[in-house]
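The chain contents come next:
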Amino acid sequence: MGILEGKTVLVAGVTMNTSIGYRVAELAAEQGATVLVSNFGRALSLTRRIVKRLDPEPPVIELDVTNDEHLAGLADQLRQHVDHLDGVVHSIAFANPETALGGKFLTTPAEDVKTAIHVSAYSLVSLAMACRPLMGRGGSIVGLTFDARQSWPHYDWMGVAKSALESSSRYLARYLGPDGIRSNVVAAGPLETIAKKAIPGAQDFNDIWGTRAPLGWDERDLDPTAKGVVALLSDWLPATSGEMLHVDGGLHSTGA
Ligand code: NAP
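Where helix H1 (residues 20-30) meets helix H8 (residues 223-233), the closest approach of the two axes is 9 Å, and the angle between their N-to-C directions is 60°. With respect to H8, the axis of H1 lies oblique. Pair H1 / H8 crosses with right-handed handedness. Residue-level inspection shows Ile-20, Arg-23, Val-24, Leu-27 and Ala-28 of H1 in contact with H8, the latter providing Asp-223, Thr-225, Ala-226, Lys-227, Val-229 and Val-230. Along the lines of polarity and charge, the residues of the contact of H1 with H8 split into 7 nonpolar, 1 polar and 3 charged.

And the structure:
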C-alpha cells in the first residue's frame, strides 16, 4: 500500500517530463493518489500530450495563476473530477530572463519584479485559497523553492521571489494550521528543467553542487525532490508545517 493511498492531489506546473511536477505526479500516483495536473497557455497542449505517459492518465486543468477567472473557477473545475483535495503542489515560477535574471539585478524594471513575485510567490497563496473549498483536516500544500536564505549568482529577482514564496508558505502554515492544513516547501538543488535552462548562467549551479554537496548531486534525477514532495503530502509528517525541507545533497549545511 502506498503512502498516498486514497488521497487526491493537484499538481500545478507540469509542462514536460523534465518538469519536477511531472515526476511528482507520477510518484504520487504510484503511491496510490488520484492525481490531477494543471498548466496554462500554449504549453497546455504539451501537458496534454505528456500526461498520456502516466498511468492512469490524469485530467489536465487550465490554470494561469495570474488569471482571476481561472482561480475563481478552479474549485468547480476540480469538482468535475474529485469531491475533495488532500494535497496541492505548487510547482510554478516565472521571471523575465532578459531583465530579471542573469546579472541584471540592479536595473530590473519594477513591472518585471512584479511579474516574478506575482507568478512565483503570491500564486502560492492564491492557489491555496482557490483550492481551499475542497480541502479539510490533513490537507497539505507543498511549494518548490531554491533555498533563498542567501543570494546566488544569476538568480537575482527569482531569488527575491523565492524568499517571498518561502515566507508565504510560513504564513499559510499560520493561517491554515487551525483548520488542520499544513504548508511546506521543498528546497531542491539544481535540476535540468525548462525553468532552469531559462536562467542565463545557471549551468554554474552544477559546478557548485558538484564540488560542495556532501552526498553528491545528479541534476537529471528528479526522484529525490519528488520523494520529498510526496513525503510532505503524506500522513508521515503530520506535525510539520511552515518548514523548508532541503533536498539538495546536503549542500545547505556546508560553509564552503
Ligand atoms: P518547469 O518544468 O518549467 O515548471 C515550471 C512550471 O511553471 C511550468 O509548467 C510553467 O508553465 C509554469 N508556469 C509559469 N507561469 C505560470 C502561470 N502564470 N500560471 C501557471 N503556471 C505557470 O520547471 P521546474 O524546474 O520543474 O519548476 C518547478 C518549480 O521548481 C518552480 O517553482 C521552480 O522555481 C522550482 N525549482 C526548480 C529548480 C531547478 O533547478 N529546476 C530548483 C529548485 C526549485 P510553462 O511551461 O507553460 O511556462
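Here the focus is the confidence of the model for the chain. In low-pLDDT regions, the fine details of the predicted coordinates are not to be read closely. Averaged over all residues, the pLDDT of the chain is 97; the fraction at 70 or higher stands at 100%. Averaged over each element, pLDDT in the chain is lowest for helix H6 (residues 194-197) (94) and highest for strand S6 (residues 182-188) (99).

Now for the packing of aromatic side chains. As enumerated under the stated definition, the model contains 8 aromatic pairs in all. Between Trp-152 and Trp-209, the ring centres sit 5.4 Å apart and the planes meet at 35°, which makes this aromatic pair tilted. With a gap of 57 residues between them, Trp-152 in the loop between strand S5 (135-145) and helix H5 (156-176) and Trp-209 in helix H7 (residues 203-212) connect regions that are remote in the sequence. Judged by relative accessible area, Trp-152 falls into the buried class, the value being 14%. One aromatic cluster in this structure is built from Phe-146, Trp-152, Tyr-155, Phe-205 and Trp-209.

A few words now on the nonpolar core. As a rule of thumb, soluble globular proteins bury nonpolar side chains together. Counting residues in hydrophobic clusters, the biggest one holds 49 residues, and the most contacted among them are Val-11, Val-37, Val-89, Trp-209 and Val-229. With 6 residues, H1 is the single largest residue contributor to this core. Residues within four places of Trp-209 in sequence aside, it is in contact with Phe-146, Trp-152, Gly-189, Pro-190, Trp-217, Asp-248 and Leu-251. Ranked by size, the runner-up nonpolar core spans 31 residues in total, among them Ala-75, Val-88, Ala-130 and Leu-165.

The rules behind the values
Residues numbered from 1 in each chain as written. Predicted model: local features only at pLDDT ≥ 70, side-chain atom pairs only at ≥ 80, totals over all residues. Heavy atoms only, no water. Axes fitted to C-alpha atoms, helices over the stretch in contact; angles between N-to-C directions. Helix = DSSP H or I, 4+ residues; strand = E, 2+ residues; numbered from the N terminus. Parallel < 35°, antiparallel > 145°, perpendicular 65-115°, else oblique. Left-handed = near helix turned anticlockwise from the far one by under 90°. Contact = heavy atoms within 4.5 Å. Nonpolar A, V, L, I, M, F, W, Y, C, P; charged D, E, K, R; others polar. pLDDT = per-residue confidence, 0-100. Phe/Tyr/Trp six-rings, centres within 6.5 Å; stacked < 30°, edge-to-face > 60°. Buried < 20%, exposed > 50% of the residue type's maximum accessible area, 1.4 Å probe, protein only. Core = buried A, V, L, I, M, F, W, Y, C linked by side-chain atoms within 4.5 Å.

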